[in-house]
Amino acid sequence: MEERLDKKRLTPKQAKLKAANYCAYQERSQKEVKKKLYDLGLWKDEVDEVLTDLIIEGFINEERFAKSYVGGKFRVKKWGRNRILMGLKEHHISKYCIKKGMEEIDDSEYKSTLAILIEKKAFTEKETNVFKRREKISRSMIYKGYESSLVWEFVNDLVN
């Protein structure tokens, strides 16, 4: 708490400008922006007011954030649906926006990505026992957020 007292407290107008720049840099969730505003020294009623202004002005949009988040995590980090869903829930995104965001994942692209990841993992996996090998590969894909039934279906087809 002492750390906050040492910092110069920003006015809501200054904080709004900083938050707008923060949002303009990349898509942000309301949770991230709210945390940023509290870090800038604003009080609850000021945070709510600035947040409302940013939403009205289009700097914050939950649906846009969800689509960006899903697209990035799937295409860049190769995460599965389960892990992406958990990430969206951590950002307190509404069910409607989560549904809209998850539509960004094309089913055929999703399955082909999983197959490629399994093949790469199988190539680097040193385990010689087939059952242990399949278990290790499956575990790593499930950790990445892919559905276990889908993972096992692919692992049984692709891994010897």
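The coordinates are above.
Predicted, not measured: the structure shown is a model, and the values here were computed from it. Note on numbering: residues in each chain are counted from 1, in written sequence order. Two thresholds apply to this predicted model, a pLDDT of at least 70 for residue-level local features and 80 or more for giving and counting side-chain atom pairs, whereas whole-chain, interface and lining totals are computed over all residues. Neither water nor hydrogens contribute to the side-chain values; these are computed over all heavy atoms in the structure.

Participant: Sorry, what's going on with the pattern of salt bridges here?
Facilitator: A side chain of one charge can pair with a side chain of the opposite charge when the charged atoms of the two come close. The term salt bridge refers to a pairing of a side-chain nitrogen on Lys or Arg with a carboxyl oxygen on Asp or Glu at a separation within 4 Å. Evaluation of the coordinates by the stated rule reveals 16 salt bridges. Here glutamate 63 and lysine 67 are joined by a salt bridge, their closest N and O atoms 3.6 Å apart. Placement of the pair is glutamate 63 and lysine 67 together in helix H5 (residues 62-75), with a separation of four residues, close to one helical turn. For every residue, the accessible area obtained with a 1.4 Å probe (protein chains only) is divided by the maximum for its type, and the residue is called buried under 20%, exposed over 50%, and partly exposed between those limits. Overall, the relative accessible area of 23% leaves glutamate 63 in the partly exposed class. In this structure, arginine 81 and glutamate 147 form a salt bridge, with 3.8 Å as the shortest nitrogen-oxygen distance. In this pair, arginine 81 sits in helix H6 (residues 81-90) while glutamate 147 sits in the loop between helix H9 (130-143) and helix H10 (148-158), placing the two residues 66 residues apart along the sequence. One continuous salt-bridge network, built from bridges that share partners, spans Arg81, Asp107, Lys111 and Glu147. Each helix corresponds to a stretch of at least 4 residues labelled H or I by DSSP, and each strand to a stretch of at least 2 residues labelled E; elements are numbered beginning at the N terminus.

Participant: Teacher, can you tell me more about the nonpolar core here?
Facilitator: Across soluble globular proteins, nonpolar side chains have a tendency to be buried as a group. In this structure, Ile84, Leu88, Ile93, Leu114, Ile118 and Tyr146 are the most contacted members of the largest nonpolar core, which totals 27 residues. For this core, the secondary structure elements donating two or more residues are H5, H6, helix H7 (95-102), helix H8 (107-124), H9 and H10. Throughout this description, the term nonpolar core refers to a set of buried Ala, Val, Leu, Ile, Met, Phe, Trp, Tyr and Cys residues connected via side-chain atoms within 4.5 Å. Listed in part, the 14 residues of the second largest apolar core include Leu10, Ala15, Leu37 and Leu51.

Participant: Whenever I open this one, the packing of aromatic side chains confuses me. Can you help?
Facilitator: Pairs of aromatic rings are described using the distance from one ring centre to the other and the angle between the two planes. Only Phe, Tyr and Trp rings take part, Trp by its six-membered ring, and two of them pair if their centres are within 6.5 Å. Stacked means planes under 30 degrees apart, edge-to-face means over 60, and tilted covers everything else. Inspection of the entire model under this criterion finds three aromatic pairs. Relative to tyrosine 69, the ring of phenylalanine 65 lies with its centre 5.7 Å away and its plane at 35°, an arrangement referred to as tilted. With phenylalanine 65 and tyrosine 69 both in helix H5, this residue pair falls four residues apart, about one helical turn. Taken as a pair, phenylalanine 65 and tyrosine 69 share a single burial class, namely buried. Put simply, the rings of Phe74, Tyr110 and Tyr146 pair up and form one aromatic cluster.

Participant: Help me out: how do you make sense of the environment of alanine 15 in this one?
Facilitator: Structurally, alanine 15 is set in helix H2 (residues 12-25). For alanine 15, a relative accessible area of 0% puts it in the buried group. In the structure, alanine 15 is positioned 26 residues away from glycine 41 in sequence and 8.5 Å away in space, judged by C-alpha atoms. We call two residues contacting when some pair of their heavy atoms lies within 4.5 Å. Every residue in contact with alanine 15, bar those within four places of it in the chain, is listed here: Leu10, Leu37, Leu40 and Leu42.

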